[in-house]
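Analysis of the macromolecular model
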Amino acid sequence: MTITVLPETVALFLVLFARIGALVMLLPGIGEQQIPNRIRLAFALALSVVFYPFTAGLLPAALAGGFDRLIVILIGEVLIGAAFGLLTRMLVAATQVAGASIAGNIGLGFAQTLDPTMGQQGAIVGSFLAVTGMTLIFATNLHHLALAGIAGSYEMFPPGDPIPLDDLKDAAVMVVAETFEVGVQLSAPFIVFALVFNLGLGVLAKLMPQLQVFFIAMPVSITVGLILLSLLLAAMMGVYLGHVESGFMRLVAG
């Protein structure tokens, strides 16, 4: 049996892999630093093989122009893939925003730990919310929408077309704004608690100047904050999943 792979097929696969490979390296969940590079590479190759039959019809027109044209297209595909990966990572970063706000308001801002979704130190509450949110994304199959968005990106931005810098800029601004908005919404109960609690402490300090308010306030603030977190966690994750789902739906719909 003789297996022949045409040069056109190899070129098409390279164009497909350029965007998917760059995206997978930045995609939340699979693109974390703790995931070995070989696993990420294997996942990107597997996705390229899966998407090839569906996207091959969109690629041949991009290959007219020779080797120089192919290099330009590959560079553009890497940039588009990296842009989509960063947009997705910013979309799911609402938990880090909420976690940093919550930790500061309940007195756990000093408690830092490694955030596996960001690859750097972060508030322990933010790390907990980030891991919980990522787990729920996979548990509720929302990652299927992300995969559909990858396939749909080839219709929105066909290979060989100019990179839509203005569209990507507008999308980045919108995603960042929505991420901070959702992060503040998730932490709103804790902001209200901190405002009322600190106002009460200020009144207490004026009424009883000899009382060491700080030593009483810190354990009470942390305890009540953790109780609030346990009570509100389900509702917070519901709002977060709705935010991620709407973002992925826009990605699929273009």
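A short tour of the structure in this document, coming up. All values reported here derive from a predicted model rather than from experimental measurement. (Residues numbered from 1 in each chain as written. Predicted model: local features only at pLDDT ≥ 70, side-chain atom pairs only at ≥ 80, totals over all residues. Heavy atoms only, no water.)

**A word on empty space enclosed by the protein**
To find leftover empty space, a probe the size of one water molecule is rolled over the atoms. The criterion, for reference: For each structure, a 1 Å grid was placed over the protein atoms alone; sets of points admitting a 1.4 Å probe that cannot get out are labelled cavities, open sets with protein on both sides within 12 Å along at least five of seven lines are labelled pockets, and lining residues have an atom within 4 Å of a point. Grid points are joined across faces, edges and corners, and a volume is the space filled by probe spheres set on the points. Throughout this entry, Asp, Glu, Lys and Arg are counted as charged residues, while Ala, Val, Leu, Ile, Met, Phe, Trp, Tyr, Cys and Pro are counted as nonpolar. The remaining residues, Gly among them, count as polar.
According to the stated counting rule, one finds two cavities of 30 Å³ or more in the structure shown. Estimated volume of the second largest cavity: approximately 40 Å³. Every residue lining the second largest cavity is listed: Leu23, Leu27, Phe84, Thr88, Ala146, Ile150 and Leu251. Across the lining of the second largest cavity, the residue classes tally to six nonpolar, one polar and no charged.

**Some points on helix α5 (residues 124-139)**
Stated formally: Counting from the N terminus, the helices are DSSP H or I runs at least four residues long and the strands are E runs at least two residues long. One less than the residue count of a helix, multiplied by 1.5 Å, gives the span that helix is expected to have. Burial here depends on accessible area, computed with a 1.4 Å probe over protein chains only, as a share of the maximum for the residue type. Under 20% is buried, over 50% is exposed, and the range in between is partly exposed.
Here α5 is 16 residues long and its end C-alpha atoms lie 22 Å apart, about the 22 Å a rise of 1.5 Å per residue gives. Among all positions in α5, only Val125, Gly126, Ser127, Leu129, Ala130, Thr132, Gly133, Met134 and Ile137 are buried. Where α5 terminates, the next one or two residues include asparagine 141, which has phi positive at roughly 65°.

**Some words on a nonpolar patch on the surface**
Quick note on the threshold: Like-charged residues are merged into a patch within 9 Å and nonpolar side chains (Val, Leu, Ile, Met, Phe, Trp, Tyr) within 5 Å, provided each residue has over 30% relative accessible area and no salt bridge. The Shrake-Rupley method, run with a 1.4 Å probe, gives the accessible areas here. Residue values count only the displayed protein chains as cover. A carboxyl oxygen of Asp or Glu within 4 Å of a side-chain nitrogen of Lys or Arg is what we treat as a salt bridge.
Taken together, the side chains of Phe67, Ile71, Ile75, Leu79, Ile163 and Leu165 present a nonpolar region at the surface, about 590 Å² in accessible area. Structurally, leucine 165 can be placed in helix α7 (residues 165-207). By relative accessible area, which is 60% here, leucine 165 ends up exposed.

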